[in-house]
Amino acid sequence: GPPRPWLPGVALLALRSQSPVIPVIIQGSGNCLPLGTFLPRRTPLAVTFLPPVPPLPLRSEQVKKQVKDHLRRLEDSWWSGAEGLFASDRRKEQR
């Protein structure tokens with residue numbers, strides 16, 4: 001499914017620790033615990049680590065905006081490449 005809304009906690013951690021933020025995409029996790037089930041299922045997952053967002057010595061609001069903008073660009077880039085993946089899944093479902 002679509003990515004969850006961005007939350008500012010990661011920007012605050014990056015600001016305080018002066019560490020880069022490494023965005024991660026986890027695909028297939030929705031199949032591990034489908035809606036209406038209580039026991040997790042074994043299912044393949046794909047974990048993708050995206051390029052790090054370097055820390056900058058800026059005020060907190062500036063860091064939040066920088067990280068949010070960077071993650072939005074990465075998300076847009078990922079979705080543009082992922083459209084082909086989802087299209088192939090739709091073709092399989094139509095068979």
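Above: the structure in question.
Residues numbered from 1 in each chain as written. Predicted model: local features only at pLDDT ≥ 70, side-chain atom pairs only at ≥ 80, totals over all residues. Heavy atoms only, no water.

**Q** Honestly, the overall build of the protein chain in this entry has me stumped. Any pointers?
**A** Along its length, the protein chain carries two helices and two strands. Helices (α) and strands (β) of the protein chain occur, in sequence order from the N terminus, as α-β-β-α. Per-residue burial for the protein chain yields a buried fraction of 17% across its 95 residues. Restricting the contact set of the protein chain to residue pairs at least 6 apart, pairs at least 24 apart contribute 57%. Looking at the protein chain as shown, the accessible area adds up to about 7600 Å², and 60% of this sits on carbon and sulfur atoms. (Helix = DSSP H or I, 4+ residues; strand = E, 2+ residues; numbered from the N terminus. Buried < 20%, exposed > 50% of the residue type's maximum accessible area, 1.4 Å probe, protein only. Contact = heavy atoms within 4.5 Å. Areas by Shrake-Rupley, 256 points an atom, 1.4 Å probe, with all protein chains shown as cover.)

**Q** Hey, could you run me through unusual backbone geometry in this one?
**A** Phi is mostly negative for residues that are not glycine, and the peptide bonds are mostly trans. A positive phi is found at Gln18, a non-glycine position, where the angle reads about 55°. Residue placement: Gln18 occurs in the loop between helix H1 (9-17) and strand E1 (24-27). Exposure remark for Gln18: the relative accessible area of 40% places this residue in the partly exposed category.

**Q** Help me understand the environment of Leu39 in this model?
**A** Position of Leu39 relative to the elements: it lies in the loop between E1 and strand E2 (46-49). Relative accessible area serves as the criterion here: at 67%, Leu39 is assigned to the exposed category. Excluding anything up to four places from it in sequence, Leu39 contacts Cys32 and Leu33.

**Q** What's the story with the environment of Gln62 in this structure? I'm lost.
**A** By secondary structure assignment, the location of Gln62 is in helix H2 (residues 60-94). In this structure, the C-alpha to C-alpha distance between Gln62 and Ala11, residues 51 residues apart in sequence, is 9.3 Å.

**Q** What should I look at first to understand the nonpolar core in this one?
**A** When a protein is soluble and globular, its nonpolar side chains tend to lie buried together. Ala11, Ala14, Val21, Ile25, Leu50, Val53, Val67, Leu71, Leu74 and Trp78 together form the largest nonpolar core, which totals ten residues. The set of elements that each furnish at least two residues to this core consists of H1 and H2. In terms of residue count, H2 provides more of this core than any other element does, four residues in total. Setting aside residues up to four positions removed in sequence, Leu50 forms contacts with Ile22, Pro23, Ile25 and Leu74. (Core = buried A, V, L, I, M, F, W, Y, C linked by side-chain atoms within 4.5 Å.)

**Q** I tried to follow the environment of Gln27 on my own but got confused; where do I start?
**A** Take Gln27: it is sitting in strand E1. As for Gln27 and Ala46, which are separated by 19 residues in sequence, their C-alpha atoms are 5.0 Å apart.

**Q** Help me understand a nonpolar patch on the surface in this model?
**A** Residues Ile22, Val24, Ile26, Leu45, Val47 and Phe49 make up a contiguous nonpolar surface patch of about 580 Å² in total accessible area. At the level of secondary structure, the elements contributing two or more residues to the nonpolar patch comprise E1 and E2. Turning to its location among the elements, Phe49 is positioned in strand E2. The class of Phe49 is exposed, set by a relative accessible area of 60%. (Patch = residues over 30% accessible without salt bridge, like charges linked within 9 Å, V, L, I, M, F, W, Y side chains within 5 Å. Salt bridge = Lys/Arg side-chain N within 4 Å of Asp/Glu carboxyl O.)

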